[in-house]
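Spelled out from the first residue to the last, the chains are:
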Amino acid sequence: MPQSPFDLLTDGRVPLYLAPQAGVSESPFRRLCRSFGADVVVSEFVSAEGIRRHDRRTHSYLRFHDEERPIGIQIFGSDPEAMAEAAALVEEVYAPDYLDINFGCPVKKVASKNGGSGCLKDLDMVQRIIRAVRGAIAIPTTVKIRSGWSEELRHPVEIALRCQDAGAQVLTLHARTRTQMYSGTADWDEIAAVVQALDIPVIGNGDVWRGEDARAMREHTGCAGIMIARGSHGQPWIFAQARAALEGRPVPPDPDVEERFRIIVHHARLAIAWERDEEKAMIEFRKHLGWYTKGLPNGRVLRQELFAVTSLREAEEKLERYAEEWQGVAA
Ligand SMILES: Cc1cc2nc3c(=O)[nH]c(=O)nc-3n(C[C@H](O)[C@H](O)[C@H](O)COP(=O)(O)O)c2cc1C
């Protein structure tokens, strides 16, 4: 029986979360990251409207394996009633461990309709959504926010307090504004201020690129948990490194080329089994191939070759040829 994410957040262990990421934090990658020590995983953001319309594609984002638990499903939308209905449906049909509300997504399509970070301009609406969702489900309701909409509307503590007030049980802060998108650096002082101000557990997010960054974030902010997004791209082993750093143990080195390639093939097999259509799965897998091979000597040529493959066998051949050629060279 996996531990509840809430026990994990309060027993002092500082759980590591794989961040919700559209097109990245899918079931195969979530399982891979769990195997490297991610304590909790979250689905990508899923449209409340799509859920209640029973849109097939939308529902495909809600599927997960039991071994991924504890898992949160993240939903977005701007209509409290629709959000509540979608949350209840997700709980009943998919039974995740908790439900997370996205108030952070900067994508125009979402924010302009007031979903995601668009809501950050209207805190009354944020509260209405949280109350409606919390009232509709028995599993915990958590929220993920940014520091604000823009530099002028940057008030993370106020937003966080309003979320807590409305019934959010855990809050994740990505300490950037919507207008920053992913530029600049995340302001960890803001995470520290929110940790100080709130009674509920706060998960810190933003700019954990290496295992040591997790320890630095924890020390800087006192956050109850740490969420990693881009730092996991092409290096799911970051979770093992972060855990070691948090515990003050020596941080394990990055895997060598051969080990890295074994991980790629394992990940690709999971993706193909999940997708069922090998060619489609391998085309979608190209982004991971790009990330995994970043920084390898002569990696550009390898990447070009890998971006043309349509089967795992082809990818394995390219990787084997590369490994023979570059044997003994550290990644
Ligand atoms: C490709 C990509 C997709 C993302 N999709 C989502 C999403 O669906 N929901 C969400 O709350 N945040 C999403 N994010 C934001 C991340 O969860 C995270 O807050 C942000 O990347 C900052 O963390 P990092 O510095 O560790 O990357 C996404 C980020 C990336 C890079």
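All values derive from a computational prediction rather than experimental measurement.

**Looking at the site of the ligand**
Here is step 1 of the chain: The ligand sits among 17 residues. The nearest are Gln74, Lys144, Asn205, Asp207 and Arg230.
Here is step 2 of the chain: Interatomic distance of 2.8 Å between a side-chain N/O atom of Lys144 and an oxygen atom of the ligand.
Here is step 3 of the chain: Looking at the shell around the ligand residue by residue, the class counts come to 7 nonpolar, 6 polar and 4 charged.

**What about empty space enclosed by the protein?**
The probe, sized like a water molecule, is rolled over the atoms to show the empty space still left.
Here is step 1 of the chain: In this structure the tally under the stated criterion is 1 cavity of 30 Å³ or more.
Here is step 2 of the chain: Every residue lining the largest cavity is listed: Pro5, Phe6, Leu9, Tyr17, Tyr98, Asp100, Thr142, Val170, Thr172, Ile203 and Met227.
Here is step 3 of the chain: A total of 3 residues in the lining of the largest cavity trace back to one element, the largest contributor, which is helix α1 (residues 5-10).
Here is step 4 of the chain: Here the lining of the largest cavity is composed, by residue class, of 8 nonpolar, 2 polar and 1 charged.

**What about the nonpolar core?**
Here is step 1 of the chain: Ranked by internal contacts, the top residues of the largest apolar core, which has 86 residues, are Phe103, Ile145, Leu171 and Ile226.
Here is step 2 of the chain: Considering each element in turn, this core owes the most residues, 8 residues, to helix α12 (residues 257-275).
Here is step 3 of the chain: Residues in contact with Ile226, not counting those within four places in the same chain, are Val14, Pro15, Leu16, Tyr17, Ile203, Gly204, Val208, Ala214, Met217, Arg218 and Leu246.
Here is step 4 of the chain: Counting residues in hydrophobic clusters, the runner-up holds 12 residues, among them Tyr17, Ala19, Ile203 and Ala224.

**With respect to unusual backbone geometry**
Here is step 1 of the chain: With omega at 0°, the peptide bond leading from Arg69 into Pro70 counts as cis.
Here is step 2 of the chain: Take Pro70: it is sitting in the loop between α4 (56-60) and β3 (71-76).
Here is step 3 of the chain: Backbone geometry places Ala95, a non-glycine residue, at a positive phi of 50°.
Here is step 4 of the chain: Mapped onto the secondary structure, Ala95 falls in the loop between α5 (80-94) and β4 (98-103).
Here is step 5 of the chain: Accessibility expressed as a relative area gives 35% for Ala95, which makes it partly exposed.
Here is step 6 of the chain: At Asp207, a residue that is not glycine, the phi angle is positive and equals roughly 70°.

What counts, and where the lines are drawn
- Residues numbered from 1 in each chain as written.
- Predicted model: local features only at pLDDT ≥ 70, side-chain atom pairs only at ≥ 80, totals over all residues.
- Heavy atoms only, no water.
- Near = heavy atom within 4 Å.
- Polar contact = N/O pair within 3.5 Å; in protein donor to acceptor, adjacent residues only side chain to side chain.
- Nonpolar A, V, L, I, M, F, W, Y, C, P; charged D, E, K, R; others polar.
- 1 Å grid on protein atoms, 1.4 Å probe; cavity = no way out; pocket = protein on both sides within 12 Å on 5 of 7 lines; lining within 4 Å.
- Points joined across faces, edges and corners; volume = space filled by probe spheres on them.
- Helix = DSSP H or I, 4+ residues; strand = E, 2+ residues; numbered from the N terminus.
- Core = buried A, V, L, I, M, F, W, Y, C linked by side-chain atoms within 4.5 Å.
- Buried < 20%, exposed > 50% of the residue type's maximum accessible area, 1.4 Å probe, protein only.
- Contact = heavy atoms within 4.5 Å.

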